[in-house]
Amino acid sequence: MRSFAPLVLSLLGATAAVHAAEPEVVDADANVVTLTTDTFKDFVNEHPLVLAEFYAPWCGHCKALAPKYEEAATELKGKNIPVAKIDCTVEEDLCRDYSVDGYPTLKVFRGPEDPKAYSGARKTEAIVSYMIKQSLPAVSPVTEENLEEVKALDNIVVVAYIASDDKASTESFSSFAETQRDNFLFGSSDDAALAKAEGVKQPSIVLYKDFDEKKAVYDGKIEDEAILSWVKTASTPLVGELGPETYSKYMAAGIPLAYIFAETAEEREQFAADFRPIAEKHRGDINIVTLDAKLFGAHAGNLNLEPENFPAFAIQDVTKNAKYPYDQTKKVDAKEIGKFIKNVLDGKVEASVKSEPIPETQEGVTVIVGRSFQDVVINNEKDVLVEYYAPWCGHCKSLAPKYEELAALYADAELSEKVTVAKIDATANDVPDSITGFPTIKIYPAGAKDSPIEYSGDRTVEDLVTFIKENGKHQVDGLAGGAKKAEESDATSSAAPKATEVAEEDGHDEL
């Protein structure tokens, strides 16, 4: 376009040039306001809160978000929260200024302050809920007159009933609300009569929700950790629905997750009703969810279930990545599975382990499988370096010869007592850690096996040796060990001086 600008100006004349210099006008009536480099700064500074999407027209995720974003913008417009979008294929400099490196990128702006990333789900309801939370103070004042209005602002609202002279509880609750304002909407009342009307004593916290029992009460100490644990549990549906928007929440809950796979909405609805009493009984110990088997049935294989054989049930201990599939030859019956759930929680059921056969012999890099992981990696006093790989991974194939070379450095009997260099096919074996990419390399130091350290440096033999030395308990230097072996070989050799020089050179080349 720039190469044609002189020609266009010459044809249109000075008048066109004058018009081109006129400032752009923002269409304030649009639900989603289109902003440019010229209009962005003024628009953001004029509004106390703005949600902005940085997008590209060709981006598939942006296209999928568009109708939901428009719906959210329409609803938020009625609450005076503007929603905007910026085309990064046109406004390249503006997008670069805000470090946009993927599409869509959503950011929340508060006037001239630095923006923060939008951390909610890309759904209409989630966007509206998130931005309403952002528009309110961390803790909104609650009175008898506005209680119902506050409760209706979101599907989960947390209200503290604290006496006006209880400064410590008030400060603790306010501090907690500030840290969790992206996740929940908070209110507070010091009205003793209102607390009594709500059936609680001061200090207490009530979580209002539009599902299950509609209301949960906390009357323990007003302390961050205790409140957060309670809020997480009370805000989770007894039998929820698992999907892309809720998965991370359940994974972060820190308690086992039970999956009910079913192909129809009617089945899932019935299972949710059948399992609700069981979920109530074990609330806080396990979360139970239904899953659309037609959309997400492949996930059954990750839980050691047979995919496409539905309905099906399995439990996953998300902290240990232990899996407990329910016998698929049996009917998914709530009463019987209730017993299974209790036995799993009581430690009476052995976890299912997907595993290749344990190798009869080992040579070079130690090969781990699902059933040998504990013995090779955890139940010993060695520093163990583990590569999690996939057979189809090109980067893993490139690393293989270097990794073999690395293992050879620790093959000496003395060093092998302290360091093991190992690998495991994470696609064919269950592993205790969450692996998101291949290859992933971690060291499990002796005496600290529960705190593995992930490697993030260059994949060279020298850098991996340094990583083992600096992060292993035994601080073994594989390169020094190899040099020592070469020196010992030279010292005991009776060969002529020239032959000795060659041996030293070969040893150095190996290192």
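Residues numbered from 1 in each chain as written. Predicted model: local features only at pLDDT ≥ 70, side-chain atom pairs only at ≥ 80, totals over all residues. Heavy atoms only, no water.

Here's the deal with the overall build of the chain
Helix and strand counts for the chain come out as 20 helices and 20 strands. In the chain, which comprises 511 residues, the proportion classed as buried is 41%. Considering only contacts within the chain whose residues lie at least 6 apart along the sequence, 68% involve residues at least 24 apart. Accessible area of the chain: about 27700 Å², with a carbon and sulfur share of 50%. (Helix = DSSP H or I, 4+ residues; strand = E, 2+ residues; numbered from the N terminus. Buried < 20%, exposed > 50% of the residue type's maximum accessible area, 1.4 Å probe, protein only. Contact = heavy atoms within 4.5 Å. Areas by Shrake-Rupley, 256 points an atom, 1.4 Å probe, with all protein chains shown as cover.)

A word on the sheet that holds strand β6 (residues 139–141)
Strand order in the open sheet made by the five strands is β6-β8-β7-β9-β10, with mixed pairing throughout. The two strands at the open ends of the sheet, each matched to only one other strand, are β6 and β10 (215–218). In this sheet, adjacent strand axes meet at a mean angle of 25° when their direction is disregarded. In this sheet, strand β8 (residues 185–189) lies alongside strand β7 (residues 156–161) in parallel orientation, the contact comprising five bridges. Within β8, the position partnered with V159 by the bridge is G187. Each of β6, β7, β8 and β9 (204–209) touches helix α7 (residues 167–179); the most contacted strand, β8, lies at about 165° to it. Taken strand by strand, helix α9 (residues 224–234) contacts β9 and β10, and its axis lies near 25° from that of β9. (Pairing = 2+ DSSP bridges. Axes fitted to C-alpha atoms, helices over the stretch in contact; angles between N-to-C directions.)

With respect to the state of the cysteines
Per the counting criterion, the structure on display carries one disulfide. C88 shares a disulfide with C95; S-S distance 2.0 Å. Sign of the S-S torsion, about -90° for the bond between C88 and C95, identifies this disulfide as left-handed. Each of the two residues, C88 as well as C95, counts as buried. (Disulfide = S-S within 2.5 Å.)

Notes on the nonpolar core
If you look at the biggest cluster of nonpolar residues, it comprises 30 residues, and the most contacted ones within it are L51, Y69, L76, I127, M131 and Y161. Each residue touching L51, except ones within four places of it in the same chain, is listed here: Y69, P82, V83, A84, L106, K107, V108, Y118, I127 and M131. (Core = buried A, V, L, I, M, F, W, Y, C linked by side-chain atoms within 4.5 Å.)

Some thoughts on a negative patch on the surface
A surface patch of like charges, here negative, comprises E70, E71, E75 and E125. Per-element tally for the negative patch: the top contributor is helix α3 (residues 60–77), with three residues. Given a relative accessible area of 43%, E75 falls into the partly exposed group. (Patch = residues over 30% accessible without salt bridge, like charges linked within 9 Å, V, L, I, M, F, W, Y side chains within 5 Å. Salt bridge = Lys/Arg side-chain N within 4 Å of Asp/Glu carboxyl O. Lys, Arg positive; Asp, Glu negative; His and termini not counted. Charge placed at Lys NZ, Arg CZ, Asp CG, Glu CD.)

A closer look at the confidence of the model for the chain
Looking at the chain as a whole, the pLDDT averages 87, with 88% of positions reaching at least 70. For the stretch residues 1–22, pLDDT sits under 50, and the model shows one contact to residues farther than four places along the chain or on other chains. Taken as a whole, residues 482–511 scores under 50 in pLDDT and shows 12 contacts with residues more than four places along the chain or in a different chain. (pLDDT = per-residue confidence, 0-100.)

Re the packing of aromatic side chains
Two aromatic rings are characterised by how far apart their centres lie and by the angle between their planes. Per the counting criterion, the structure on display carries 22 aromatic pairs. When the centroid spacing of 5.7 Å and the interplanar angle of 85° are considered together, the rings of W58 and Y103 count as edge-to-face. With W58 in the loop between β2 (50–55) and α3 and Y103 in the loop between α4 (92–97) and β4 (105–109), this residue pair connects regions lying 45 residues apart in the sequence. Under the relative-accessibility criterion, Y103 is labelled partly exposed at 28%. (Phe/Tyr/Trp six-rings, centres within 6.5 Å; stacked < 30°, edge-to-face > 60°.)

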